Amino acid sequence: MKSTHLSLIAGAAVLAAVTGFATVTAPGAPAGAAAKSATLLPVERAGLVCPAPSNSDLAETQYTAFTPAGEGGEAKGTAELKPALPIVDDEDETDPKKAKKAEEAAKKAKAKAEKPVLAVKEPGKPVVAEANGSSAPALVGTATGKLAPGWTAQQTTEVTAGGSRGLLGVTCTAPDTDFWFPGASTAKSRQDYIHLTNPDDTGAVADIELYGPEGALKSDVGDGITVPARSSVAVLLSTLTAEAVDQLTAHVTTRSGRIGAVVMSADDSAGSDWITASEDPSGTLVMPGIPADATSVQLVAFAPGEDDADVKVQLMGKNATFSPAGNATLHIKSSMTASADLKDLTRGEPGSLRLTPVRKDRATPIVAALRVVRGKGDKQEIAYIPATGPVGARATVPDNRAKGSTLSLTAPGATAKVKVTASAGSGGGEPAVETYTVKAGTTLAVTPKAPEGLKGSYALTVETTSGGPVHASRSLALASDGVQMFTVQTLPDDRGMVEVPSARQDLSVLDD
């Protein structure tokens, strides 16, 4: 029996290093045993999915992929993003000619999907690709070896006119089984599509639940949505229910398989952008990087458990933390979406929002996001900032330009120091490194130092070097016809390193 246990432990340790998903401990090990004896190793494999960029023929999209320089596996490895397969529904086709034509089209699409759109060749240098129009596909990909730790990708889309007008940016996501999207909508003025992308060779089945201010919305068509292998499905949220709700929370889970999920939101009067998933439910949440010139900020929060939540609402500004007038607290009923109009609370200074329990002994888990507007009238533009985890050891955001990038850093606890590295440019340039001190309870907004001799775009990598946790986001702005279009991406820990328990500790807990 001991030899069987040893084999299982060895296999589990290798699995952890490959996937980066979890720390593994032997059965019966005391609490904390793995943490005390674990070794940090770079992950050896990572996966990403990117949604189809736009349904507008005017869309201009830039994809950027990057692996930061640093410790990685010994194997050289690969890091490729390939087109997802189109969904072909020809099962009921009885016409032999049409069936044959569909079969030939499927073969061509499969062959095309084997050709990478982006392939990172070496750590420390981003690669870019472009796609125009509404035919650009969703992407799926895998990185291995030394290219896996911290591998990240971004797609940035500019649409200058029409219902999808705006600068839409999204960091490609790791596949998972559970996603929360506060801030989605089924209102008549909104067109919110949830994109479900399956990176695996077998189909996945997903469920979508919608929760408004009065609780769950009635829906019979959000259950059992099939996402075929290596394909992507876009679902218009307003088709799932007859109820038009301005601010709601969408919950996506899978019955089988895993997917990437993200919401594309378009507002008739305020532009469009992506809504990425909130941090997992927690009693304390941070939403970093509200622009200094925000004209409207709306908080949307949801309590998924059986208990109501009462939270303090605090803005961590340039010099101090304070509660916005009239919105010092927010009551969130169980399974109901709550919102608060915070107006232009930043008042010309950058800031970040923190939610904490009113009572420390009642830290009810919640999810949350901010809907941020810049400009007024027909010059408005929106972006979304979901609650996000801290930078941790390292986090990266690609696709930064010579102008328009702003990095926001906030320290909700103790004062912290971070190192920020601007990579070489995709077309040339030398990396640049700067260090910053972020005072406790404040937000520091900086214009990153671009690489010397920059050509193309570059990546920003943030590393916490001392002090308390730091939460971060990057805002990318681009002016078009008098509209200050912008998008915000958060920077949670890239999970490029994983804790693997030492063999000695695992052996000791199995001794008779």
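Residues numbered from 1 in each chain as written. Predicted model: local features only at pLDDT ≥ 70, side-chain atom pairs only at ≥ 80, totals over all residues. Heavy atoms only, no water.

1. A word on the overall build of the protein
Helix and strand counts for the protein come out as four helices and 38 strands. Put simply, of all contacts in the protein between residues at least 6 apart along the chain, 82% involve residues at least 24 apart. Summed over its atoms, the accessible surface of the protein is roughly 22700 Å², and 50% of this surface lies on carbon and sulfur atoms. (Helix = DSSP H or I, 4+ residues; strand = E, 2+ residues; numbered from the N terminus. Contact = heavy atoms within 4.5 Å. Areas by Shrake-Rupley, 256 points an atom, 1.4 Å probe, with all protein chains shown as cover.)

2. Side note on the sheet that holds strand β11 (residues 190-197)
Spatially, β15-β11-β17-β18 is the arrangement adopted by the four strands of the open sheet, whose pairing is antiparallel. Only two strands of the sheet have a single neighbouring strand rather than two, namely β15 (232-236) and β18 (271-275). In this sheet, neighbouring strand axes are inclined to one another by 20 degrees on average, regardless of whether the strands run parallel or antiparallel. (Pairing = 2+ DSSP bridges. Axes fitted to C-alpha atoms, helices over the stretch in contact; angles between N-to-C directions.)

3. Comments concerning the layout of surface pockets
Roughly 220 Å³ of volume is contained in the second largest pocket. Contributing to the lining of the second largest pocket are 13 residues, with E60, Q62, E158, R401 and L478 lying nearest its centre. A breakdown of the residues in the lining of the second largest pocket according to their chemical character gives four nonpolar, four polar and five charged. (1 Å grid on protein atoms, 1.4 Å probe; cavity = no way out; pocket = protein on both sides within 12 Å on 5 of 7 lines; lining within 4 Å. Points joined across faces, edges and corners; volume = space filled by probe spheres on them. Nonpolar A, V, L, I, M, F, W, Y, C, P; charged D, E, K, R; others polar.)

4. Some words on a negative patch on the surface
There is a patch of like negative charges on the surface, built from D176, D178, E279 and D280. Its place among the elements puts D280 in the loop between β18 and β19 (285-290). In this structure D280 comes out as exposed when scored by relative accessible area, which is 52%. (Patch = residues over 30% accessible without salt bridge, like charges linked within 9 Å, V, L, I, M, F, W, Y side chains within 5 Å. Salt bridge = Lys/Arg side-chain N within 4 Å of Asp/Glu carboxyl O. Lys, Arg positive; Asp, Glu negative; His and termini not counted. Charge placed at Lys NZ, Arg CZ, Asp CG, Glu CD. Buried < 20%, exposed > 50% of the residue type's maximum accessible area, 1.4 Å probe, protein only.)

5. Considering the sheet that holds strand β2 (residues 45-50)
Here four strands make up an open sheet; going across it, the order is β2-β7-β4-β5 and the pairing antiparallel. Of all the strands in the sheet, the pair left with one neighbour each is β2 and β5 (118-119). Here β2 runs beside strand β7 (residues 139-144); their pairing, made up of six bridges, is antiparallel. Following the sheet pairing, R45 is matched in β7 by T144.

6. Considerations on the nonpolar core
If you look at the biggest cluster of nonpolar residues, it comprises 30 residues, and the most contacted ones within it are L299 and L353. With near-sequence residues (within four places) excluded, L353 lies in contact with L285, V286, M287, I290, L299, V313, Q314, L315, M316, L342, L345 and L370. With 28 residues, the next largest nonpolar core counts A184, V233, A250 and A261 among its residues. (Core = buried A, V, L, I, M, F, W, Y, C linked by side-chain atoms within 4.5 Å.)

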